[in-house]
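Structure assessment
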Amino acid sequence: MMLRMTDPAPALGRATIAGGGPGDDALLTAAALEALRTADVVLYDRLAPHDRLAELAPDAELIDVGKRPGHHPVDQSGINALIVEHARRGAHVVRLKGGDPYVFGRGSEEVLACHAAGIPVVVVPGVTSSIAVPAAAGIPLTHRGITRLFTVVSGHAPLDEDELEHLAKLGGTIVVLMGVNTLPQIAPGLARHGLGAGTPVAIIERGCSPEQRTTIGSLDSIVVDAHTAGVASPAVVVIGEVVRLAYAGDATAAELVDRAERLGATLSTAAT
Ligand code: SAH
């Protein structure tokens with residue numbers, strides 16, 4: 001459509017690509033809450049906190065773009081199109097995503113779609129499940145004397161031999177997102193490249209929710225342990241010595257510190 005000089009300027013809205021954290025409202029940032037408060041449209045999916053959206057975004061039309069039984073998910077290009085379409089008619093569109101938008105979240109594709117359409121867009125970082133979900137199970141990804149690095153990897157597709165080898169040799173903590181289905185490939189793959197069979201592994205399902213559950217095993221047992229426990233997505237897999245710090249039931253902080261000190265001592269003995 002051609003615009004004539006006499007036509008009013010088209011109302012241009014804006015988009016906010018907001019991280020919603022791992023699912024608990026308490027882990028939404030102040031910036032995400034402010035975006036929701038001023039939203040005209042919220043596009044959300046099941047990984048983002050959505051139970052109280054009507055309250056947090058009182059003026060917004062709420063659109064579920066995620067997969068739910070009996071509902072068709074909207075694909076990524078469809079989501080990009082919805083953001084642009086609503087912003088073009090003047091709306092403040094909030095795309096609320098699970099965790100952080102830029103950690104395996106396709107947030108950058110949504111930002112590029114806005115840029116391509118000339119829609120002003122900002123990104124609000126979120127609390128990523130890759131760190132927060134292990135923390136909710138009492139697992140720090142780093143701990144002085146145990147490890148000083150962690151790697152976050154997507155298990156959406158199987159890892160290739162090079163990746164398995166480098167991960168196994170790099171050491172440190174390995175965090176796998178979307179790894180429930182590929183665990184039977186990843187665990188033996190890491191073992192094949194030299195990661196110790198006894199390396200502890202934790203799988204935390206539905207982290208930061210009342211249904212959070214942790215299954216702990218070792219590299220050589222975890223595939224069977226996960227199968228026995230009926231582990232299902234969404235879950236974060238943590239591989240590494242820090243798993244030994246996981247809360248055992250209601251261990252007190254003092255017990256955890258004590259356990260950490262004993263673990264540190266064991267590791268430094270092993271290293272000498
Ligand atoms: N952008 C998100 C990750 C998207 S990939 C973030 O930063 O957290 C989706 C994967 O994240 C899931 O398959 C699962 O591995 C993990 N995940 C997200 N929320 C989770 C939760 N509450 N509990 C366990 N795993 C979660």
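In this report, we go over the structure that sits alongside the text. Note that residues are indexed from 1 along each chain, following the sequence as it is written. Per-residue local features are limited, in this predicted model, to residues with pLDDT of at least 70; the limit for side-chain atom pairs, both in listing and counting, is 80 or more; totals at the level of whole chains, interfaces and linings are taken over all residues. In computing side-chain properties, one takes all heavy atoms of the structure into account and sets aside hydrogens as well as water.

With that settled, consider the site of the ligand. One heavy atom within 4 Å of a molecule or strand is enough for the residue carrying it to be called near that molecule or strand. If you check the shell around the ligand, you find 18 residues, and the closest are V103, T128, S129, G207 and A235. Contact distances for the ligand include 2.7 Å between an oxygen atom and a side-chain N or O atom of T128. Throughout, the Shrake-Rupley method with a 1.4 Å probe supplies accessible areas, and for residues the shown protein chains are the sole cover considered. About the coverage of the ligand: the protein hides 93% of its 540 Å² of free accessible area. Runs of H or I in DSSP of at least four residues are treated as helices and runs of E of at least two as strands, each being numbered from the N terminus. When contributions to the shell around the ligand are tallied by element, the ones reaching two or more residues are helix 5 (129-136) and strand 10 (235-239). A domain assignment, automatic or from a database, supplies the domain bounds used here. Both domains that meet at the shell around the ligand, namely domain 1 (14-127) and domain 2 (130-271), each give it at least three residues. The term polar contact refers here to a pair of N or O atoms within 3.5 Å; inside protein, the definition further demands a hydrogen-donor-capable atom paired with an acceptor-capable atom, and it admits residues adjacent in sequence only when both atoms are side-chain atoms.

The next subject is the pattern of salt bridges. The term salt bridge refers to a side-chain nitrogen of Lys or Arg lying within 4 Å of a carboxyl oxygen of Asp or Glu. Within this structure, the stated rule accounts for twelve salt bridges. With a shortest N-O distance of 3.0 Å, E34 and R37 are connected by a salt bridge. Of this pair, E34 and R37 are both found in helix 1 (residues 30-37), three residues apart, which corresponds to roughly one turn of the helix. When a residue's accessible area, from a 1.4 Å probe over protein chains only, is under 20% of the maximum for its type it is buried; when over 50% it is exposed; and in between it is partly exposed. According to the relative accessible area criterion, E34 is partly exposed, its value standing at 39%.

Moving on, we get to the environment of A197. One can find A197 in the loop between helix 7 (183-192) and strand 8 (200-205). Under the relative-accessibility criterion, A197 is labelled partly exposed at 38%. Taking the C-alpha atoms as reference points, A197 and S218, 21 residues apart in sequence, are found 6.7 Å from one another. Should any heavy atoms of two residues lie within 4.5 Å, those residues are counted as being in contact. If we skip the residues at most four places from it in the chain, A197 touches S218, L219 and D220.

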